[in-house]
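Given next are the chains, with one letter for each unit.
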Amino acid sequence: MRLPGSKSMTARALVLAALATGPSVIERPLRARDTELMAAGLRALGIGLDASDDERWLVEPAPLRGPARVDVGLAGTIMRFLPPAAALAEGSVEFDGDPQARNRPLRPIVEALRSLGVSIDASAIGGLPLTVRGAGLVEGGEAVIDASASSQFVSGLLLSAPRFANGLVLRHEGPPVPSAPHLRMTTHMLRAAGAVVDESVPDVWAVEPSELQGRTWVIEPDLSGAAPFFAAAMVTGGAVTLSGWPAESWQPVDRLTELLTALGAEVTRSADGLTVRGTGRLSGLTADLSEVSELTPVVAALAALADGPSELRGVEHIRGHETDRIAALVAELGKVGAEVTEFRDGLRIVPRPLHAAEFETYADHRMAHAAAVIGLAVPGMSLTDVACTSKTLPEFPELWAELVARS
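Residues numbered from 1 in each chain as written. Predicted model: local features only at pLDDT ≥ 70, side-chain atom pairs only at ≥ 80, totals over all residues. Heavy atoms only, no water.

A. Layout of the pattern of salt bridges. If you walk through the whole model with that rule in mind, you get 28 salt bridges. As a salt-bridge pair, K391 and E322 come within 2.8 Å of each other at their nearest N and O atoms. Of this pair, K391 sits in the loop between β21 (382-383) and α12 (396-406) while E322 sits in the loop between β17 (310-313) and α10 (325-335), and the two are 69 residues apart along the sequence. The closest approach of N and O atoms between R352 and E339, which form a salt bridge, is 2.6 Å. Placement of the pair is R352 in the loop between β19 (346-350) and β20 (358-359) and E339 in strand β18 (residues 339-343), with a sequence separation of 13 residues. Each of K7, D34, E294, E322, R325, D364, R366 and K391 takes part in one network of salt bridges that share partners. (Salt bridge = Lys/Arg side-chain N within 4 Å of Asp/Glu carboxyl O. Helix = DSSP H or I, 4+ residues; strand = E, 2+ residues; numbered from the N terminus.)

What follows is the structure, given as structure tokens:
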């Protein structure tokens, strides 16, 4: 099967293209709610963005300006990537989104921008709704941030940092930053656009002031979006090949391979793509998912169908995602019959005979993915809301139905 492009790469490419000195092309981008809202936000700031061709988006940079209003939906990438860019605009830029978005962590990036001289009005908890009062210039310099709740706090600041007058030296102080592969994607893409980034000192990122170059960005298939389809192969003892997979990837394919192999799959890469094959057995595992926390719901679903206990740790920060994913998984996996123990940073799952139930999605696309995986092995499962998958993969219901029909 072929999947749309990576949400993470598409979001970063859009911001870097908007801040460049010349036009850019984004090939095979993800067209989903998160990226459509990101594109709309950039247009509101004055950027020319033609997304009429699904396979090839054209971005024409322009001076950023307000007044503007940006709807972030429920997207962490928008609420954390665009305020630093909005600080470069002339005029005020207002940000708000879905009701649940007001509960997502945002204070660290707001405080970091304020320490750099940016004027921001935010809610009582330091989040949405917020207004960035852009002055057309950010001096930059040094800032300290606690990014333990989300690596997007760091990525959001780094993406705009080349346009700061003095660049940026950003220092993280606090518990470890999660999702390190996403940070590596940010710094790789910055360098590909011509930025100079030094990350040789742990928890310190130094970005020199420079011009970003317009270029062609070729977006890889979305690895997180592929996870439920790979899981389908494992649950049914079949095989799924994700075509179009590049030989050199900016996504954590090695970590995904390790996890799926530990759970009992055979994973191979070839000219045809990335293939996951079920072996007829699902094994329990103990894993630190801090680098690949987006995979937690699907891995938890596989663990509930395994032949032994599993313990998934290192993901406290997913309590601040679209929903509190740890609490949601405890509730919904327990509802279908699994024995689940909740930890501050994860959960322990002891498989038990499962039965059908209505699986609550909490407006969270990854929860819908988990339910779909369980539904392959438990007849009669239902979802409260499959439309939430439009956040990152609008085609999910059709792709899933087609996959099941083919098998």
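B. Examining the packing of aromatic side chains more closely. Evaluation of the coordinates by the stated rule reveals 3 aromatic pairs. With a centroid separation of 5.5 Å and an interplanar angle of 55°, the aromatic rings of F229 and W400 are classed as tilted. Residue F229 is located in helix α7 (residues 223-236), and its partner W400 is located in helix α12; the two are separated by 171 residues in the primary sequence. W400 carries the same exposure label as F229, and that label is buried. Through a chain of ring-to-ring contacts, three or more aromatic side chains come together here, namely F229, F396 and W400. One cation-aromatic arrangement involves R215 over W217; the distance from NZ or CZ to the ring centre is 4.2 Å. (Phe/Tyr/Trp six-rings, centres within 6.5 Å; stacked < 30°, edge-to-face > 60°. Buried < 20%, exposed > 50% of the residue type's maximum accessible area, 1.4 Å probe, protein only. Lys NZ or Arg CZ within 6 Å of the ring centre and 35° of its normal.)

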